[in-house]
Amino acid sequence: MTAEIAATGALRADRDRPDTATRPKKRRSDRARAEARLGWMLAGPAFGIMLLVTLYPIVQALWDSLFSLRLTAPDDREFIWFRNYQVILGDPAFWQSMGVTLFITVVTVLLELIIGFAFALVMHRAIKKLRGFARTAILVPYGIITVVSAFAFFYAFDINSGGYVNSWLSWVPGFDEDLNWFASQSTSLVVIILSEVWKTTPFISLLLLSGLAQVPGDLEEAAKVDGATSWEVLRRVILPNMKAAIMVAVLFRTLEAFRIFDNIFIMTAGANDTEALSLLAYNTSIGRLEIGLGSAISVLLFLSVLIIAGIFIKGFKVDLSAGRNS
Amino acid sequence: MRTLRRTVAGLSAVALAATLGACSADDGVPTLTWYINPDDGGQAEIAASCTEAANGAYRIETSLLPRDAASQREQLARRLAASDRSLDIMSLDPPFIPELAEPGFLAPVPDTLQDTDGIVQGAVQSASWNGELVTVPFWANTQLLWYRESVAEAAGLDMSQPVTWDQIIEVAEDQDKQIGVQGALAESLTVWINALVASAGGQILEDPEASPDEMQLGLETDAGRAAADIIGRIGSEGLGGSGLPTADENASMNLFQGDSGSFMVNWPFVWPAMQSSDPEIIDDLGWAVYPRVDAATPAAPPVGGINLGVGAYSENTDLAWRAVECIVQPENQAQYFVTNGNPPSNTAAYDDPQVQEQFPMADTIRESLDLGAPRPQTPYYNEISIGLQRTWHPPTAVNPDATPETSTDFILAVLRGERLL
């Protein structure tokens, strides 16, 4: 959440900031050095705490992942090098989880991008009087705790506890009113993705809104004067100018969607092959108390997240600090 | 600045008062914390009455564990592994007891509590590990066969005699009714599978005390195939309703109360629950011992319940066991049954007139508890239970020719550390 806010802030702030990367290196003046020192004094404690609460667990997980270690059999602890990784990578269950996780990630991010952009346009263009109301209304789902929204969607669709969606959909030709949404993979995924999209689209639309605000109005006007249709203005002027915002939004949401947990945990608990990677890690470490094996899965999850971030930052040349394509 | 100083002074005063408050409540009486599973307040009541009876020797405070048994186990195992000293008394779900007993997380049961006379057999078995009593039975649960008298009558079924699953399935098919069973991917599915295998004369785990590398399962047997046949038929013929793959105990109770209700296997909590939610159904309600798989072999109904254990790292183990002695008194068990619907583990409690009045099926419950077969007792119970759930779910896909084999291969591979669960 902090990172998200920081990203929104960075996007806004970068417009007034000189591009430091292109400036030739000079000997720093005393004043610059004093400023740097002050910077470290101000940010140092937070940086130290961050290291303590993130780096330490990561290193511990890396270390634990090399052991055969069960919490309820502490005496049987044994150093086994990379055998945990061998078991995991050789198990179809892991690749099945990876597949489901990637599927959920791609579908939710795509849907959220499209709907989020529509919402951003509405918020951007809405008449002044309605703007505040539109923004608040669109942001409400994002303010709801994921577990709560997961339960809300679960009960709406669950036929055992009188879910109402089936009776709402009864007019649809060919729809079976006795459909048990959580009894097969495809229908379970529909509800999981629906809940995820409902919950986090506001986040994307918020980031896109700040991108829209960056598009210079005179460019749009010039395009219109030259006879461009609204579609052409959108495609040739607005989208290219907010590419950085789109990439940042997609990057953050992809990383978040890849770690999906709550919705699946509440709705299916991994039944019908809906077990995402983070749920697999949870079930192994916390459910089975297999700390070694579970840590190895967590490490693999962490590596996947690093790879995704790497692809975005290097591959699509998203510069997070400049918020602009280099 | 002055405001800041005043705030700091105010805060320190509050902190000091809080500490003093804690001290004055302390009054030298040792406090025992009893980690309880959620119920209707019965355990808290017993804690209060035992505190009073202790006359200042100890005070019992209750602390609530998560709702489902698996999460209770997760929390307790994590805290015991970290040598948590605040775990004095714990309400434990029987299948997970070996896992906590094996690494020495449970304090040894004193001689005064070793006497198991008058305690139902299923409860004693579930409280022991490696031939030793490691916890003390508190209440014992078992599933009964609940039925709609109108349905049984229409089918001409004599319910005073033991019935079989085949008979139930046939009646439901003929009358276009549904059977209340638990097919969700949860512990309740393991309970069902175990009861079927045991009722057919088999057992899921051949040698409970074997190490994980040497464990042998009894699923690829006639008993395992008979169990798979029953679950598969109920699943594929739609006899459990479309909610079956996600049905837990509450869902099957709701199904049973509906228009298509006929038979249901479930715990006795349904009796008070149905009385309050649907009093009309009570006139049409009957109960019997769990259905048989084979007409000639007595059924082995599921058993559950709660046993009490004392944490090995508790600072007051002696007092904790004294408190346990008070908690499991037959009067308390009878009272707990009457108020919370959880059946006693002590047979004496069943003779209580209030129990007999409020639970007309009390004698059937006692009979069922004596017949009951516990779930596999092993420190690796969690792997076996989840492995079973993974391979026997959804019930529609269970097939006697394939499921027992895939299930065995999968569970053994998990136990050998070759597969993820």
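Predicted model, so just to flag it, every value in this text is computed and none were measured.

Quick notes on the state of the cysteines
All names here are of chain B.
Phase 1 of the analysis: A complete count under the given rule lists one disulfide over all chains for this structure.
Phase 2 of the analysis: What pairs with Cys50 in a disulfide is Cys326, and their sulfur atoms sit 2.0 Å apart. The S-S bond linking Cys50 to Cys326 shows a torsion near -95 degrees; that makes this disulfide left-handed. Of this pair, Cys50 sits in helix α2 (residues 42–53) while Cys326 sits in helix α12 (residues 317–327), and the two are 276 residues apart along the sequence. Take Cys50 and Cys326: they sit in the same class, and that class is buried.

With respect to the nonpolar core
Phase 1 of the analysis: Ranked by internal contacts, the top residues of the largest apolar core, which has 50 residues, are Ile88, Phe94, Leu208 and Met242 of chain A.
Phase 2 of the analysis: At the level of secondary structure, the elements contributing two or more residues to this core comprise α3 (83–89), α4 (92–125), α5 (128–143), α8 (185–214), α10 (230–241), α11 (243–258), α13 (277–287) and α14 (291–315) of chain A.
Phase 3 of the analysis: When neighbours within four sequence positions are excluded, Leu208 of chain A is seen to be in contact with Leu113, Gly116, Phe117, Ala120, Met242, Ala245, Ile246 and Ala249 of chain A.
Phase 4 of the analysis: Ala195, Leu196, Met215 and Leu388 of chain B belong to the second largest nonpolar core, which has 49 residues in total.

Digging into the sheet that holds strand β10 (residues 285–289) of chain B
Residues and elements named next belong to chain B.
Phase 1 of the analysis: Strands sit in the order β8-β9-β7-β10 across an open sheet of four strands; the sheet is mixed. Each of the sheet's edge strands pairs with one partner strand only, and the pair in question is β8 (178–180) and β10. Direction aside, neighbouring strands of the sheet carry axes that sit 20 degrees apart on average.
Phase 2 of the analysis: The pairing of strand β7 (residues 144–148) with β10 spans five bridges and is antiparallel. Opposite Leu145, over in β10, you have Ala288 as the bridge partner.
Phase 3 of the analysis: Strand contacts of helix α7 (residues 165–175): β7, β8 and β9 (261–266), with the helix running at about 150 degrees to β9, the strand carrying the most contacts.

Cut-offs and rules
Residues numbered from 1 in each chain as written. Chains lettered and ligands numbered in written order. Predicted model: local features only at pLDDT ≥ 70, side-chain atom pairs only at ≥ 80, totals over all residues. Heavy atoms only, no water. Disulfide = S-S within 2.5 Å. Helix = DSSP H or I, 4+ residues; strand = E, 2+ residues; numbered from the N terminus. Buried < 20%, exposed > 50% of the residue type's maximum accessible area, 1.4 Å probe, protein only. Core = buried A, V, L, I, M, F, W, Y, C linked by side-chain atoms within 4.5 Å. Contact = heavy atoms within 4.5 Å. Pairing = 2+ DSSP bridges. Axes fitted to C-alpha atoms, helices over the stretch in contact; angles between N-to-C directions.

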